[in-house]
Amino acid sequence: MKPSTIIGGASSQHVRNAADFYATPPECTIALLENYQRLFEGSRIWEPACGDGAISKVLEEHRLDVISTDLHDRGYGKGGMNFLTADCNCGSIITNPPFSLAADFIERAATKQVPFAMLVKSTYWQAAKRYDLFQRTKPLAIIAMSWRPAMSPERGKSGTMDFIWTVWDRKPSKNTQYIVAKKPKQDIQK
């Protein structure tokens, strides 16, 4: 099997998903909330890359106030809204950004000075070009998942990549906490 097939890229067998759309399995968002729900409670959460509503539905099931938007219309939330240029009356942000735009999403969210969380590949911060971004924004926490989420179920039931949530508070943190999350039981109805 070619590495691109394993990690979710294009291969002779599979094309890369359009606009880097990979729906977030519910247990990923539950793991974030099990560790940091209080950081997001009491504020309107903006999910700016809502896709099919995977993250938003979990947030709503946890009785959080959510506004869901996306650049593309995938049948959930408000389509045609570009997070990098649009504004929203929100008190926090939670999203799984398109990988190719993750740094731009982080930069944009940091300017809003609200708590935010981004789901990225576990190797995201292991790139010299992202070192300055990490140092400038100083995340509050990294939540590593102790399982591999199946982000592309069409490629099989087993996940092939590791993911982390990176969580920020309103201002850069002095120390970034590293948390290993156990896979939660899915209590969300699909």
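Keep in mind that what you see is a predicted model, and the values were worked out from it rather than measured. (Residues numbered from 1 in each chain as written. Predicted model: local features only at pLDDT ≥ 70, side-chain atom pairs only at ≥ 80, totals over all residues. Heavy atoms only, no water.)

Turning next to the sheet that holds strand β1 (residues 45–47). A sheet is described by the order of its strands in space; here seven strands give the open sequence β2-β1-β3-β4-β6-β5-β7, paired in mixed fashion. Of all the strands in the sheet, the pair left with one neighbour each is β2 (66–68) and β7 (177–181). Sheet twist, expressed as the average angle between the axes of neighbouring strands with direction ignored, equals 25°. Here two bridges tie β1 to strand β3 (residues 92–95), and the two strands are oriented parallel to one another. Residue pairing across strands places I45 opposite S92, the latter belonging to β3. Where helix α2 (residues 26–40) meets the sheet, it contacts β1, β3, β4 (116–121), β5 (141–145), β6 (163–168) and β7, and its direction lies at approximately 10° from that of β6. Helix α3 (residues 54–61) rests against β1, β2, β3 and β6 of the sheet, and its axis sits at about 165° to β2. (Pairing = 2+ DSSP bridges. Helix = DSSP H or I, 4+ residues; strand = E, 2+ residues; numbered from the N terminus. Axes fitted to C-alpha atoms, helices over the stretch in contact; angles between N-to-C directions. Contact = heavy atoms within 4.5 Å.)

We now examine the packing of aromatic side chains. Under the definition given, this model contains seven aromatic pairs. Aromatic side chains W125 and F134 sit 5.0 Å apart centroid to centroid with 70° between the ring planes, which places their arrangement in the edge-to-face category. Accessibility classification places W125 together with F134 in one group, the buried group. Among the aromatic residues, those joined into a ring-pair cluster are F99, F116, Y124, W125, F134 and W168. Over the ring of Y124 we find R130; its NZ or CZ atom is 4.1 Å from the centre of that ring. (Phe/Tyr/Trp six-rings, centres within 6.5 Å; stacked < 30°, edge-to-face > 60°. Buried < 20%, exposed > 50% of the residue type's maximum accessible area, 1.4 Å probe, protein only. Lys NZ or Arg CZ within 6 Å of the ring centre and 35° of its normal.)

Quick look at the pattern of salt bridges now. Under the criterion given, the structure shown has four salt bridges. Between E107 and R136 there is a salt bridge whose closest N-O contact spans 2.1 Å. With a gap of 29 residues between them, E107 in helix α4 (residues 102–111) and R136 in helix α5 (residues 128–137) connect regions that are remote in the sequence. Assessed through its relative accessible area of 32%, E107 is described here as partly exposed. You can call R136 partly exposed: its relative accessible area is 47%. (Salt bridge = Lys/Arg side-chain N within 4 Å of Asp/Glu carboxyl O.)

The next thing to look at is the environment of A49. Along the chain, the position of A49 falls in the loop between β1 and α3. In this structure, A49 is in contact with T69, D70, T95, N96, P98 and F105, ignoring residues within four places of it in sequence.

Moving on, we come to the pairing of β3. Of the two faces of β3, the one lined by S92 and I94 and the one lined by I93 and T95 are each fully buried. Sheet topology places β3 next to β4; three bridges connect them, and they run parallel. Pairing of T95 across the sheet is with M118, part of β4. Between β3 and its parallel partner β4, the chain crosses via α4, and the hand of that crossover is right-handed. (Right-handed = clockwise from strand over helix to strand, strands pointing away.)

Attention now goes to unusual backbone geometry. Even without a glycine there, the phi angle at R63 is positive, about 60°. With respect to the secondary-structure elements, R63 resides in the loop between α3 and β2. With a phi angle near 50°, Q113 is a residue other than glycine that sits in the positive phi range. Here Q113 is to be found in the loop between α4 and β4.

Geometric values such as these leave the question of function open.
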